[in-house]
Structure formats: C-alpha cells, structure tokens
There are 2 protein chains.
Amino acid sequence: MNGPDSAAVKKYLLSLQSSICERLAAIDGTESFRTDSWDRPAGGGGVSRVIENGRVFEKGGVNFSHVTGDQMPPSATAHRPDLAGAPWEAMGVSLVLHPLNPYVPTSHANVRFFIATPANAEPVWWFGGGFDLTPYYGFKEDCVGWHKVAKQACAPFGDDVYPRYKRWCDEYFHIRHRQEPRGVGGLFYDDLNTGNFQQDFAFMQSVGDSFVEAYAPIVERRLDTPYGERERDFQLYRRGRYVEFNLVYDRGTLFGLQSGGRTESILMSMPPMARWDYDRQAEPGSPEAELTDYFLQDRDWLAEEAPE
Amino acid sequence: MNGPDSAAVKKYLLSLQSSICERLAAIDGTESFRTDSWDRPAGGGGVSRVIENGRVFEKGGVNFSHVTGDQMPPSATAHRPDLAGAPWEAMGVSLVLHPLNPYVPTSHANVRFFIATPANAEPVWWFGGGFDLTPYYGFKEDCVGWHKVAKQACAPFGDDVYPRYKRWCDEYFHIRHRQEPRGVGGLFYDDLNTGNFQQDFAFMQSVGDSFVEAYAPIVERRLDTPYGERERDFQLYRRGRYVEFNLVYDRGTLFGLQSGGRTESILMSMPPMARWDYDRQAEPGSPEAELTDYFLQDRDWLAEEAPE
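Residues numbered from 1 in each chain as written. Chains lettered and ligands numbered in written order. Predicted model: local features only at pLDDT ≥ 70, side-chain atom pairs only at ≥ 80, totals over all residues. Heavy atoms only, no water.

### Considerations on the interface of chain B and chain A
Phase 1 of the analysis: Facing the 32 residues of chain B at the interface are 32 residues of chain A.
Phase 2 of the analysis: Between chain B and chain A, roughly 2,800 Å² of surface is buried when both sides are summed, and carbon and sulfur atoms account for 57% of that area.
Phase 3 of the analysis: A per-residue breakdown of the area chain B buries against chain A is headed by B:Glu264, B:Trp276 and B:Tyr278, which together make up 30% of the total.
Phase 4 of the analysis: Here chain B and chain A share 2 salt bridges between them.
Phase 5 of the analysis: A salt bridge links A:Glu264 to B:Arg178, with the nearest nitrogen and oxygen atoms 2.8 Å apart.
Phase 6 of the analysis: Where chain B packs against chain A, one counts 15 residue pairs in polar contact (both at pLDDT 80 or more). (Contact = heavy atoms within 4.5 Å. Buried area = accessible area lost by both parts, 1.4 Å probe. Salt bridge = Lys/Arg side-chain N within 4 Å of Asp/Glu carboxyl O. Polar contact = N/O pair within 3.5 Å; in protein donor to acceptor, adjacent residues only side chain to side chain.)

### As for helix H3 (residues 161–172) of chain A
For an α-helix, the turn length of 3.6 residues means that residues three or four places apart are oriented alike.
Phase 1 of the analysis: With 12 residues, H3(A) should cover 16 Å at 1.5 Å per step; its first-to-last C-alpha distance of 16 Å lies within 8% of that length.
Phase 2 of the analysis: Every buried residue of H3(A) is listed here: A:Val161, A:Tyr162, A:Tyr165, A:Lys166, A:Cys169, A:Asp170 and A:Tyr172. (Helix = DSSP H or I, 4+ residues; strand = E, 2+ residues; numbered from the N terminus. Expected span 1.5 Å × (residues − 1). Buried < 20%, exposed > 50% of the residue type's maximum accessible area, 1.4 Å probe, protein only.)

### Some points on the packing of helix H1 (residues 6–28) of chain B against helix H4 (residues 197–222) of chain B
Residue and element names in this part refer to chain B.
Phase 1 of the analysis: Axis separation between H1 and H4 bottoms out at 11 Å; the angle between their running directions is 5 degrees. Comparing their axes, H4 and H1 come out roughly parallel.
Phase 2 of the analysis: Broken down by class, the residue content of the contact of H1 with H4 amounts to 16 nonpolar, 2 polar and 4 charged. (Axes fitted to C-alpha atoms, helices over the stretch in contact; angles between N-to-C directions. Parallel < 35°, antiparallel > 145°, perpendicular 65-115°, else oblique. Nonpolar A, V, L, I, M, F, W, Y, C, P; charged D, E, K, R; others polar.)

### Looking at the relation of the copies chain B and chain A
Comparison of the two chain copies shows a relationship of rotation about an axis with a shift along it.
Phase 1 of the analysis: Between chain B and chain A, which share one sequence, the superposing operator has a rotation angle of 180 degrees and an axial displacement of 0.0 Å; the RMSD is 0.0 Å. As the rotation angle and translation indicate, the two copies are arranged about a two-fold axis.
Phase 2 of the analysis: Of the residues that chain B buries at the interface, 100% are likewise interface residues in chain A, meaning the two copies contact each other through the same surface. (Least-squares fit on C-alpha atoms with pLDDT ≥ 70 in both.)

### Quick look at the pattern of salt bridges
Phase 1 of the analysis: Scanning the model with the defined rule gives 48 salt bridges over all chains in all.
Phase 2 of the analysis: Of the charged contacts, one joins B:Arg55 and B:Asp224 as a salt bridge, the two residues approaching to 4.0 Å between their closest N and O atoms. Of the two residues, B:Arg55 is situated in the loop between strand E2 (44–52) and strand E3 (57–69) and B:Asp224 in the loop between H4 and helix H5 (229–248); the sequence distance between them amounts to 169 residues.
Phase 3 of the analysis: Classification of B:Arg55 as partly exposed rests on a relative accessible area of 42%.
Phase 4 of the analysis: Note on B:Asp224: relative accessible area 63%, which makes it exposed.
Phase 5 of the analysis: Between B:Asp277 and B:Arg280 there is a salt bridge, with its nearest N and O atoms 2.8 Å apart.
Phase 6 of the analysis: When salt bridges with common partners are traced through the structure, they connect A:Glu141, A:Asp142, A:Arg221 and A:Arg222 into a single cluster.

### Observations concerning the nonpolar core
Phase 1 of the analysis: Grouped together as the largest cluster of nonpolar side chains are 64 residues, with contacts concentrated most on A:Phe127, A:Met204, A:Phe211 and A:Tyr215.
Phase 2 of the analysis: Ranked by residue count, the leading element in this core is helix H4 (residues 197–222) of chain A, at 12 residues.
Phase 3 of the analysis: Those residues in contact with A:Phe127, other than ones at most four positions away along the chain, are A:Val9, A:Arg112, A:Phe113, A:Tyr189, A:Asp190, A:Asp191, A:Leu192, A:Phe197, A:Asp200, A:Phe201 and A:Met204.
Phase 4 of the analysis: By size, the runner-up hydrophobic cluster in this structure holds 63 residues, among which are B:Tyr12, B:Leu24, B:Tyr215 and B:Phe295. (Core = buried A, V, L, I, M, F, W, Y, C linked by side-chain atoms within 4.5 Å.)

### A look at the packing of aromatic side chains
Phase 1 of the analysis: Enumeration over the complete set of coordinates arrives at 68 aromatic pairs over all chains.
Phase 2 of the analysis: Arranged with centres 6.3 Å apart and planes meeting at 85 degrees, the rings of A:Trp146 and A:Phe211 form a pair that is edge-to-face. Residue A:Trp146 is found in helix H2 (residues 140–154), and its partner A:Phe211 is found in helix H4; the two are separated by 65 residues along the sequence.
Phase 3 of the analysis: Under the relative-accessibility criterion, A:Phe211 is labelled buried at 1%.
Phase 4 of the analysis: Ring centres of B:Tyr189 and B:Phe203 lie 4.9 Å apart, and the angle between their planes is 65 degrees; this geometry places the pair in the edge-to-face category. Here B:Tyr189, found in strand E9 (residues 185–192), pairs with B:Phe203, found in helix H4; they are 14 residues apart in sequence, far enough to count as distant. Each member of the pair, B:Tyr189 together with B:Phe203, is buried.
Phase 5 of the analysis: Put simply, the rings of A:Phe157, A:Tyr165, A:Trp168, A:Tyr172, A:Phe173, A:Phe188, A:Tyr189, A:Phe203, A:Phe245 and A:Tyr249 touch in pairs and so form one group of aromatic residues.
Phase 6 of the analysis: The ring of A:Tyr237 is capped by A:Arg280, whose NZ or CZ atom sits 4.7 Å from the centre of that ring. (Phe/Tyr/Trp six-rings, centres within 6.5 Å; stacked < 30°, edge-to-face > 60°. Lys NZ or Arg CZ within 6 Å of the ring centre and 35° of its normal.)

### Observations concerning the sheet that holds E2(B)
Residues and elements named next belong to chain B.
Phase 1 of the analysis: Spatially, 7 strands are ordered E1-E2-E3-E4-E5-E6-E9 in an open sheet, and the strand pairing comes out antiparallel. Of all the strands in the sheet, the pair left with one neighbour each is strand E1 (34–39) and E9. Strand-to-strand twist of the sheet, defined as the mean angle between neighbouring strand axes without regard to direction, takes the value 5 degrees.
Phase 2 of the analysis: Here 11 bridges tie strand E5 (residues 106–116) to strand E6 (residues 124–134), and the two strands are oriented antiparallel to one another. The residue bridging Ala116 from the neighbouring strand is Val124, located in E6.
Phase 3 of the analysis: Of the strands in this sheet, E3, strand E4 (88–99), E5 and E6 touch H5, which is tilted by about 160 degrees from E4. (Pairing = 2+ DSSP bridges.)

### Looking at the confidence of the model for chain A
Phase 1 of the analysis: Per-residue confidence for chain A averages 94 on the pLDDT scale, and 98% of its residues sit at or above 70.
Phase 2 of the analysis: ipTM for the predicted complex: 0.93, alongside a pTM of 0.95. (pLDDT = per-residue confidence, 0-100.)

### What to know about the sheet that holds strand E4 (residues 88–99) of chain A
All names here are of chain A.
Phase 1 of the analysis: Read across the open sheet, the 7 strands follow the order E1-E2-E3-E4-E5-E6-E9; overall the sheet is antiparallel. Edge positions in the sheet fall to strand E1 (34–39) and strand E9 (185–192), since each has one partner strand and no second. For this sheet, the mean inter-axis angle between neighbouring strands, taken without regard to orientation, is 5 degrees.

### Quick word on the side chain of A:Ser265
Phase 1 of the analysis: You can see A:Ser265 is positioned in helix H7 (residues 263–266).
Phase 2 of the analysis: When sequence neighbours within four positions are dropped, the list of residues in contact with A:Ser265 reads A:Trp38, A:Ser48, A:Asn63 and B:Tyr278.

### Digging into the pairing of E2(B)
Residue and element names in this part refer to chain B.
Phase 1 of the analysis: Within E2, 7 of the 9 residues are buried, which leaves the element mostly enclosed by the surrounding structure.
Phase 2 of the analysis: The pairing of E1 with E2 spans 6 bridges and is classified as antiparallel. Note that in E2 the partner of Asp36 across the bridge is Ser48.
Phase 3 of the analysis: Count of turn residues in the E1/E2 antiparallel hairpin: 4 residues, of which Gly43 carries a positive phi of about 135 degrees.

### Considering the side chain of A:Glu244
Phase 1 of the analysis: Looking at the element boundaries, A:Glu244 is found in helix H5 (residues 229–248).
Phase 2 of the analysis: The class of A:Glu244 is buried, set by a relative accessible area of 0%.
Phase 3 of the analysis: Only 2.7 Å separates the side chain of A:Glu244 from the side chain of A:His177, close enough to count as a polar contact.
Phase 4 of the analysis: Within the structure, A:Glu244 has its side chain in polar contact with the side chain of A:Trp276 (distance 2.9 Å).
Phase 5 of the analysis: Each residue touching A:Glu244, except ones within four places of it in the same chain, is listed here: A:His177, A:Arg178, A:Tyr249, A:Trp276, B:Leu247 and B:Leu267.

### Considering unusual backbone geometry
Phase 1 of the analysis: You will see that A:Asn53, though not glycine, has its phi angle at about 55 degrees, which is positive.
Phase 2 of the analysis: Within the fold, A:Asn53 resides in the loop between strand E2 (44–52) and strand E3 (57–69).
Phase 3 of the analysis: Of note, the phi angle at B:Asp298 is positive, near 50 degrees, even though the residue is not glycine.
Phase 4 of the analysis: Inspection of the secondary structure puts B:Asp298 in the segment after helix H8 (287–295).

Written as structure tokens, this is what we have:
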C-alpha cells in the first residue's frame, strides 16, 4: 500500500500542467497555451504546452514528459550497480515563463519523479523539483511573498525543509562565471526519498500546487507597470544571463540535450529574445544596479520583511 | 635556432590583431575598435578590441590574450605527466564578428600557441586555430570564395592539409542537439607540432593572414543588400544557434569560463541580440529553408564551383 505509485504521480503531473496553463492563460487574457504532443523513439514521450506573444507572456512553456527505458544505461549506474539493466521511468512537469513587461519576473518550476524497478529487488525511486524567480527590476514585496509561499509549501514536512531547500536553490542557480545568482531563489531539492512514498509524493504536490500561488500575485501586481525602451533593453540584457545559466550549467538542460531529448521542448526555456553588450555596467544607484547590488545576493528574504 | 620562439609568436599575434581591426574598421566606416586591456590575476592578461553598433558590424571583438602560469595544473597533465609542474604560456588571437545586415555572414577565427617548459626537458609546444563562416542567407559564391582562400592558405604546407582541416572544422562546429553544422565551415586544427617550429609558425601566419582576405570580399559584396523585418528576424533566430553552440559545445568558451577566464572577453562571441521561437519551421523552398537544406550540409564547397 505504501509502495511507489507511478500512475498516481503521472495523473497528478498531468492535472498540474493543465491547471497551471489555465490559470496563466486567464491572467494573460489574449493568448492560450497550444498543445504539442511528441513521442520519444526510445520510449515514452511528452506534451509540450506553449504560449507565445501573449499580452503578459512573451513566451512560455509548461512541459510534461514521461520517458521510459528497458534498461538503465551503464553511465547512469556507475554508482548504483544494483540498478544496472533495470527498467526505469522518469516523469515531470517543467516550466519557464518569460513575461513581456520587464517589471514582471521570469519564473521557473519543475517537479519530477524517477523510478527504477530491478527484477529481484525493491524499486528504487526519488523525487526532485522546486521553483525559482528571476526579476529584472526587483521588488522586496515580490521576493518576500514568493519565499513566504515557498516556506508554507514546506511547512507540513518539517521546519528544516524550507531553509534547506532554499539554500540548495541558491547554490544550484548560481552563475559561477558571473559570480552572481540567477535570481532571488526559491526551492530546489533532489534525490528525495524519505522511505515514505506517500509523504514524498505529498511534498511534490505541495511544491507543484504552490508555484502558481506564489507567482500569480506577482504577475498580477506588475503586469500593467508602464515601461519604456530602457527597461526593455535591460530585460533583454539580463535574459542573456538566463541563457548563460541554462546552457552552461543547468543539469536538466545539458543532460536532455546530450541524451537525445527533444530539443524544442528542452530549449523552450530559452527567452524569446536576449541581448549581450560588451562589459555593460549599470549606473551606480540606478534600479538596474540595485538588481545586482541588492536583489541578487543570496538573501534571507523572510528576514527582510518589515516588522508589523 | 629552430627552437620555439614565443616572443616572435606574440609579436605576430599583436600585429595580426591590429591589422584585422584596421581593415574591418575601414570597411565599417562609422565605428572603430575600442581597446580594453586587462590583467589576469594568476598571470598574464590580454587586449580586447571591441566594435559595437557600427554601420556594418553590429558587434564584434578581436581578442588578444597571453596567459601564463608557474605550474601546469594537474587536470591538464593527466595524460602528460612529464609536464606536471612545468611553467607554461598560452597565447592567441580570437575573433567573432556579428554583422548587422542579415546577408553578411558571421565569422569566427582563432590562432593560438601553447608552450610548456619543463625544468629538465625540451619545451613542449603546439599550435591550433582556424576560421569558419556562419551565413544566415547562403550564397554559393561566398562559400566557394571562403574555401578557396582556406585552401590557398594551406597549399604551401601540403596537399592533404586543406581537406584534413576542412573536415576537422565540419566535425568541430557541429550542433549535435540540432543535428546541423553551425555554418559552412572553413579550417580547424589543433595540437599541431610537426617538429619544425618555423614551419608550424608559418602555418599559423598563413591562416591568420588569410582570414581577412577570405572575409572582407564577402562583407563588401553583401553589406548593402536591402533587407527587411523578415530577414532580420531570421538572422536573430539563427543567432540563437550560435549561442547554443558556443555555450554548450565550444571547448575554448567552456574552458575559459570554468578556469576563471575573463568572462566579458570570452563572451564577446555572443551575438548582440538573438531570439528563440518554439519549433520554428521555414517555409519549404524559401531562402530560409535553403540555409539548412542546402548550405548547412558539410559540403565540399570547392566541388560546387561551376566549371569555367
């Protein structure tokens, strides 16, 4: 009864994909998410849902994928010889949203589940996921609100969960060659298996369901903020950092590209447009300088909230 | 007399950088290359020369760097234990030019020299380099002309040199996850040490000097071609492929970023602006489709030339 139930996880992931797309399309108001289903020749497939040129979302994708294999590849089992040759499944929902308005942050979320079922042993499984926020113009209120929801999502699972996964997020989404974080963080976890499948699955659901609760209020608060060429230009420039992180460091992206994943679905995370300028420096004290000087600093956002 | 002469290589590289910048600035006509010198804390430094927002070149950089170390790092000597702890120098000129007009191809060139001088043994050295062309709209005349100069640059060094380094270029500049070449190729070589320093240095000079002879006629032929939003949009989209190659596969870029190189100089190769569209497909038979269907195909360009 307490064994891993991948059918239940899959059902949840598909419903999560739908509900996120519905909610975001309602906010956008002009464009909805078109659906693109694909098969993976080696087993499994996915459903990509894509929005482009919306009033709010310039580009975004909410991907479901479920890939399967008859045998774990040797490269994946170097440290787990017990799994060599075992059938396996990996499934998840992964999303990136690139809003048009530079005052609305880009966001990313992912929840995933992996299971291998060796012939003569117990299944081996784990969960991973999280969500993180990448503003172009920072607002303390947005960062605090985002992290409040992240903390609430973790609260039923122990007091140490939020601080641990918050720190892991800061560590993971770090652009080493720029010596700066990709954004203002959130949650990141991997290899989660407490031994209690139901509890770990409930945590996936808590994180998955919380994403839109964390993101929607920020989008709604900022989407009508007037902006001009200066803000748009800065947004395009900062999106270059997003590209750099995803193509140089992001494990999911690199593993996907190297393992023959579906390129268009993997690179749905790329911004619709980005720019690079040589040695661009923000004017000291400007909102653009504040982004890196204050917001992108591995901060404890919940300690930043003004006392009531 | 026939030993390696790194001072002579350095002198050549600095003069190559100057002459390329002068020639390209003359073609541009409105902008010249500003100079940005930098030191590398661990030893050595470089001179970056950058053009931005020119009439012809939207962005381009011609970098000279000369980095030195007291001791070869262990990671670099795993297969060469004889070099462990040896003082070393690496120097080179590396350039990428992103023209504004979509009918003018992007180009890249690099020539480099490495030498390690163990205490009780002969110096170990090698050359590497090449140049390659990335059109957005293809012209057979440009591809043939480019490869003719490449072949001429190699001719004094043996009949097998051009075909060998042409093939190496096609293999190296391949975007695996797109299953397409980055461009129409050129030359690529590495680990070149025939035992004759003067000859190998002469080859570096032949490749270095040929770059602008190969590129300038193409730029001059295409720079006034009228274009509109369609061509510009396609150029920005294809530049996304350039970003993907450089950040996912290019050894120089990744090694530079990982080894604490100067990020702004390394990422000068990034285009000024790029775009990504989900699952974009060119209309069959259009010039945009012709780029991938005909031009990006690992072709023997010199066999494409019409018989006279």
